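# Fold and contact review
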Amino acid sequence: MLHSLHSANCCGRVSRRTFLADMGMGFTGLALGAFLHREGTARGDTAAGLVTPAGRPHHAPKVKSVIWLFMMGGVSHVESFDPKPALSKYAGKTIDESPFKKAVLESPHYRKNVMDFAVTPRALMNQLYPLQIGYRKHGQSGIEMSDWWPHLATCADDLAVVRSMWTTDNDHAAQLQFHTGRHVFEGFHPTIGSWVHYGLGALSDNLPQFVVIGSPPGDCCGGVAAHGASYLGPEHAGVRLVVDPKNPLPFGTPGVTVTREERKGQHELLRDLNRMAAVEYPDDPAMRARIKAYELAAKMQMAVPEVMDVQAETPAAHKLYGLDSPTTAAYGRQCLVARRLVERGVRFVQIYDGGGGGGGWDAHGKLKENHSSNCARVDRPIAGLLKDLKQRGMLDETLIVWATEFGRTPGAEKSDGRDHHPYGFSVWLAGGGIKGGVVHGATDEIGFHAVENRHYVTDIHATILHQFGLDPHKLEVPGHKRLEVDFGKPIGEIIA
């Protein structure tokens, strides 16, 4: 019998599926057992094993997909979506000499919520640094934005700007923290994309449901854990794709020497072998992930290159996303592919922009040069993405989130830069049942502390999950106790 080929498992007991397979069901039994295990209907001897939520939302969802735009390095909130004229008015003065000493240094939030990555606290950056760019009100809503975002400014009435974010990591591992809700000192935890994947499963049989584009954070800052799934299992982690139709992922095409018929036969054999293994090792998460990965990979080999081939798009679309300019083409192509992915049923698309620690938007010096060039790269493509989704009728069911790990200090560093700033910064959301043309929360007069409607990063997670119809409290996994801060609270004031 089949079972005799393997050593006894479960202390001599035989699992239900193994017994059925051994009793002559053959490949039919193997396939049935694997199917029932995947669906959570049949289980082995381990009653405490993980059963995923079967893809049913807890309440009526408002979105089908999220496109998560993450700017790595730390974007200056005061030179983007939270302009502070007081910085120019009191430029050159120290915080001690300014009218804001008490509000900054005697705040209950100062130093209290920060865990220093390098043990010693970062310097205050005491001398106020003037705004490096002008700003204006935009749209009927009159949202103030800096002049570095002229294209996005035309979409002001679609944005919900949250100006009162805070986090606890004052170094670039805050990139990991924004995705998991936990400081790097607390280890790796499931990311927001993996929770969505775990809670809802697949909309498409041909594409991954959690796709990652762009270079992830460096190892110092979370690395692949910034789109990982931790204890949820590797099958719920993000799948990195390259925006290149010729090589979108390693071994993403069968190769020119293999015919479709040969490849189909290989896949069928591999599927049968995987199902045999699944019967004997039903509670092995790595095995489950490997089987799902092989099955998905076969379908992806056809679907992914087609998604990446943006040449099928119209010249008007290329222009809208900035593919006609060397400055905007690279990021524009990523944004266009993101739209093509959600159009085909991908639930969560995460686009990283910038390098790891010390790169990207990390303007310790030459802030004006850094931010002006970075904004010029991404401003037009992001605006193009919003406008394209809107004109296609997709913005209502697609949530766009623009975020960064922290802001930058009101005070100067190296005379012409700003340091990391976790005490108060900005993000924005658009589409997906979010109110447009609103500003929520506030920092103080120089942008130091979030002082009105303060939100920790997991409030963004909770807002996303709420729009997907998910209650994070109902997604807990046995054996993995979560803290209340992990769940966050949806930002009701910006939900339509």
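Below is a short write-up of the structure. Small disclaimer: the values here were computed from a predicted structure and weren't measured. (Residues numbered from 1 in each chain as written. Predicted model: local features only at pLDDT ≥ 70, side-chain atom pairs only at ≥ 80, totals over all residues. Heavy atoms only, no water.)

## Quick word on the pairing of strand β4 (residues 159-166)
The buried count for β4 comes to 8 of 8 residues, which makes it a mostly enclosed element. Here β4 pairs with strand β11 (residues 425-431) via 5 bridges, running antiparallel. Bridge pairing links V161 to W428 in β11. As paired elements, β4 and strand β12 (residues 438-440) share 3 bridges and run parallel to each other. Directly across from A160, in β12, lies its bridge partner V438. Of the pairings in the sheet, the one linking β4 to strand β15 (residues 455-456) comprises 2 bridges and is parallel in character. Note on β15: the bridge partner recorded for M165 is H455. (Buried < 20%, exposed > 50% of the residue type's maximum accessible area, 1.4 Å probe, protein only. Helix = DSSP H or I, 4+ residues; strand = E, 2+ residues; numbered from the N terminus. Pairing = 2+ DSSP bridges.)

## Considering helix α12 (residues 458-467)
In terms of burial, α12 is largely enclosed, as 9 of its 10 residues are buried. Among all positions in α12, only T458, D459, I460, H461, A462, T463, I464, L465 and Q467 are buried. A positive phi of about 85 degrees marks G469, the residue just after α12.

## Topic: the pairing of strand β8 (residues 398-404)
Across the 7 residues of β8, 7 count as buried, placing the element largely inside the fold. Residues T398, I400, W402 and T404 point to one face of β8 and L399, V401 and A403 to the other, with burial holding for every one of them. Summarising the sheet, strand β1 (residues 65-71) and β8 pair through 7 bridges and their orientation is parallel. Bridging from a neighbouring strand, S65 pairs with T398 of β8. When β8 meets β11, the two strands line up antiparallel, connected through 4 bridges. Opposite V401, over in β11, you have L429 as the bridge partner.

## Quick look at the state of the cysteines
Disulfide: a covalent bond connecting the sulfur atoms of a pair of cysteines. Here the structure, examined in full by the defined rule, presents 1 disulfide. Put simply, C220 and C221 are joined by a disulfide, and their sulfur atoms are 2.5 Å apart. Taking the sign of the S-S torsion, about -60 degrees here, the bridge from C220 to C221 comes out left-handed. With relative accessibility at 1%, the residue C221 sits in the buried group. (Disulfide = S-S within 2.5 Å.)

## With respect to the side chain of T409
By the element assignment, T409 lies in the loop between β9 (407-408) and β10 (420-421). Taking relative accessible area as the criterion, T409 reaches 4% and is therefore assigned buried. Within the structure, T409 has its side chain in polar contact with the backbone oxygen of G411 (distance 2.8 Å). Setting aside anything within four residues of it in sequence, one finds T409 in contact with M125, R418, D419, H420 and H421. (Polar contact = N/O pair within 3.5 Å; in protein donor to acceptor, adjacent residues only side chain to side chain. Contact = heavy atoms within 4.5 Å.)

## So, the environment of Q467
Examined against the element boundaries, Q467 turns out to sit in helix α12. Expressed as a C-alpha distance, the spacing of Q467 and P490, which sit 23 residues apart in the sequence, is 9.0 Å. Apart from the residues lying within four places of it in its own chain, the contact partners of Q467 are P61, K62, V63, L399, G432, G433, I434 and I495.

## A look at the pattern of salt bridges
Using the criterion set out here, one finds 23 salt bridges in the structure. Of the charged contacts in the structure, one is a salt bridge between K390 and D158, with a shortest N-O distance of 2.9 Å. Highlighted residues: K390 in helix α11 (residues 367-391) and D158 in the loop between α4 (150-153) and β4, separated in sequence by 232 residues. Taking the relative accessible area as the measure of exposure, D158 reaches 18% and is therefore buried. Of the charged contacts, one joins R392 and D388 as a salt bridge, the two residues approaching to 2.8 Å between their closest N and O atoms. With relative accessibility at 38%, the residue R392 sits in the partly exposed group. Salt bridges sharing common partners tie together E306, E313, R339, R340, E343, R344, D388 and R392. (Salt bridge = Lys/Arg side-chain N within 4 Å of Asp/Glu carboxyl O.)

## Some words on the nonpolar core
Core analysis: the largest hydrophobic core is formed by 52 residues, its most contacted members being I67, W149, L152 and W428. Of the residues forming this core, the biggest block, 8 residues, is contributed by α11. Beyond its immediate chain neighbours, meaning those up to four positions away, W428 contacts F81, L152, L159, A160, V161, I382, L386, I400, V401 and W402. One finds W166, L200, L399 and F468 within the second-largest nonpolar core, a separate group that totals 44 residues. (Core = buried A, V, L, I, M, F, W, Y, C linked by side-chain atoms within 4.5 Å.)

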